[in-house]
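Listed below are the residues making up each chain.
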Amino acid sequence: MSNPSPTTNRAPGATLRVALVAGEASGDLLGAGLIEQLRARHPDVEFAGVGGDAMRAAGMDTWHDASALAVMGLSEVLRHLPRLLGLRRGLRARLIDWRPDVFIGIDAPDFNLGLERTLKDRGIRTVHYVSPSIWAWREGRAAKIGRSADLVLCLFPMEPPIYAAHDVDARFVGHPLAEMLALEPDRAAARDALGLAHDAPVLAVLPGSRLGEIGRLGEVFLDAAARVAAALPGLRIVVPAANAACRAAIDALLAQPRFAAMDVQVIDGQARTAMVASDVVLLASGTATLEALLAKRPMVVGYRIAPSTAFLVRLFKLMKVDRFSLPNVLAGRTIVPEFMQEACTPDNLSAAVLRWLRDPDAAAALQPVYRDLHLQLRQGASATAAEAVAGLAVPALPLPTTSESRS
């Protein structure tokens, strides 16, 4: 049977084809959830593209593994650029030949947006799942994304209005982490898992999941933790390491004599458990701040970028927001202290951590704010995204109502 054009309605019983490309572990999980929900609506759907173990387990034919796209850092990207460009050329040809009804690029904008643009020009419906942070950087990029994607699926509620100003169809679907994390985290269980006393003050320190972040923030964060420990006897400090390379970098910093007196426990992974177990989290800006919010923990956020990059950001006024950490952006006001660039110092960070530790009423006042934000993000992301994608790919088919799909 020949495949009808993806821009026309499928005949009853015809197979729906969906192509997806995910380049990181987080995208693989998003893709798996989307595949499962789409298959629940259309059992005969075919899935193919680039994904990891989760998307394979959900039933996708993986032409390439997601790890082929997982490249971090400018020098790493440049070294792999010929391979990545060759992979994209081959993938583009195969997708055009396979002729999916819809193509879904999951995050990885540098790889996916160009691919989406080519496929869209060929009459294939395109979706970009996970908006780049246009609310913080280069808002005008929304129009460019719209030229690549027929539909943008957004994890945060402040994103669709930005796209709407550029006549781009964007939908807020919620954040899958809000489904995964309990509304009432079990701190006692988390402490038991890490061997921490229930009555000990605990500070979780997360200087980042990449070596570059640890290089810029690790020593600053540990200096801040040392100041807190000096002011608060009995403090336990837990430092999750994202991988073996990060653990080696953290261990090298902790080997310095000035950190010898600290009670530090470095753990492999388990960042979420460490957050739930803690009284306060000191962490780098990024998705981890959202996890700390969902874990309902008071936090202090710091970040530093390379000085040359910071100079260009200021010169060209690239940063468009006064607040940069996700809890503050989502709340629309400053609910947690954040320190960027020159303000990200051991003195500032330690003082902010101590304020949380010494003011339990302030920490308690955060809880209803965190809960409201958690509920706002808990929209049944995979089901909501599947409804939007199915409506784009097969507009003539009746879809389950929102309430039915989430029952």
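This is a predicted model, so every value here is computed, not measured.

Cut-offs and rules
- Residues numbered from 1 in each chain as written.
- Predicted model: local features only at pLDDT ≥ 70, side-chain atom pairs only at ≥ 80, totals over all residues.
- Heavy atoms only, no water.
- Buried < 20%, exposed > 50% of the residue type's maximum accessible area, 1.4 Å probe, protein only.
- Helix = DSSP H or I, 4+ residues; strand = E, 2+ residues; numbered from the N terminus.
- Pairing = 2+ DSSP bridges.
- Core = buried A, V, L, I, M, F, W, Y, C linked by side-chain atoms within 4.5 Å.
- Contact = heavy atoms within 4.5 Å.
- Salt bridge = Lys/Arg side-chain N within 4 Å of Asp/Glu carboxyl O.
- Lys, Arg positive; Asp, Glu negative; His and termini not counted.
- Polar contact = N/O pair within 3.5 Å; in protein donor to acceptor, adjacent residues only side chain to side chain.
- pLDDT = per-residue confidence, 0-100.
- Axes fitted to C-alpha atoms, helices over the stretch in contact; angles between N-to-C directions.

A.B. asks: Any chance you could explain the pairing of strand 5 (residues 125-129) here in plain terms?
C.D. replies: Counting buried positions over the five residues of strand 5 gives four, a clear majority of the element. Relative to strand 5, strand 4 (residues 102-106) is paired through five bridges, and the arrangement is parallel. What sits directly across from valine 102, in strand 5, is arginine 125. Both strand 5 and strand 6 (residues 151-154) contribute to a ladder of three bridges, which runs parallel. Paired with histidine 128 across the bridge in strand 6 is valine 152.

A.B. asks: So what exactly am I meant to see when it comes to the nonpolar core here?
C.D. replies: Within soluble globular proteins, side chains that are nonpolar tend to cluster in buried spots. Counting residues in hydrophobic clusters, the biggest one holds 116 residues, and the most contacted among them are Leu20, Ile104 and Tyr129. Apart from residues no more than four positions distant in its own chain, tyrosine 129 is found in contact with Leu30, Leu34, Ile104, Gly105, Ile106, Asp107, Leu153, Leu155, Val173, Ala381 and Ala385. Within the second largest apolar cluster, 16 residues are counted, among which are Ala19, Ala48, Val50 and Leu87.

A.B. asks: Help me out: how do you make sense of the pattern of salt bridges in this one?
C.D. replies: When their charged atoms lie close together, side chains carrying opposite charge are able to pair. In this structure the tally under the stated criterion is 17 salt bridges. For aspartate 53, the salt bridge goes to arginine 56, with nearest N and O atoms at 2.6 Å. Within this pair, aspartate 53 and its partner arginine 56 are both found in helix 2 (residues 53-57), separated by three residues, close to a single helical turn. For arginine 258, the salt bridge is made with aspartate 223, and the minimal N-O distance between the two is 2.8 Å. Placement of the pair is arginine 258 in the loop between helix 10 (244-254) and strand 10 (264-268) and aspartate 223 in helix 9 (residues 211-231), with a sequence separation of 35 residues. Since its relative accessible area comes to 42%, arginine 258 is described here as partly exposed. According to the relative accessible area criterion, aspartate 223 is buried, its value standing at 15%. Residues joined in a network through salt bridges with shared partners are Asp53, Arg56 and Asp65.

A.B. asks: Looking at this structure, I do not really get the side chain of glutamate 213. What am I missing?
C.D. replies: Among the secondary structure elements, glutamate 213 is positioned in helix 9. The side chain of glutamate 213 is buried and forms no salt bridge, while arginine 210, the nearest opposite charge, is found at 5.0 Å. Side chain to side chain, glutamate 213 and tyrosine 303 meet in a polar contact 3.0 Å long. Apart from the residues lying within four places of it in its own chain, the contact partners of glutamate 213 are Pro207, Gly208, Gly218 and Tyr303.

A.B. asks: For this particular structure, what's the right way to read the confidence of the model for the protein chain?
C.D. replies: Parts of the model with low pLDDT should not have their predicted coordinates read in detail. Averaged over every residue, the pLDDT of the protein chain is 88; residues scoring 70 or more account for 86%. Across residues 1-13, confidence stays below pLDDT 50; counting only partners more than four residues off in sequence or on other chains, it has 20 contacts. This stretch, residues 396-407, has a pLDDT under 50; its non-local contacts, to residues over four places away or in other chains, come to 16 contacts.

A.B. asks: How should the environment of phenylalanine 221 be read in this particular structure?
C.D. replies: You can see phenylalanine 221 is positioned in helix 9. A sequence separation of 16 residues divides phenylalanine 221 from valine 205, and the C-alpha atoms of the two residues are 7.1 Å apart. Those residues in contact with phenylalanine 221 that sit more than four places away from it in its chain are Val205, Leu206, Pro207, Leu282, Leu283, Ala284, Gly302, Cys344 and Leu349.

A.B. asks: What am I meant to see in the sheet that holds strand 11 (residues 280-284) here?
C.D. replies: In sheet architecture, strand pairing relies on hydrogen bonds along the backbone and comes in two forms, parallel and antiparallel. Taken together, six strands build an open sheet; the order of strands is 10-9-8-11-12-13 and the sheet is parallel. Looking at the sheet topology across the chains shown, the edges are occupied by strand 10 and strand 13 (338-340). Going from strand to strand, the sheet's axes swing by 15 degrees on average, the running direction of each strand aside. Bridge analysis of strand 11 against strand 12 (residues 299-303) gives four bridges, and the strand direction is parallel. Its bridge partner being in strand 12, valine 281 is matched across the sheet by methionine 299.

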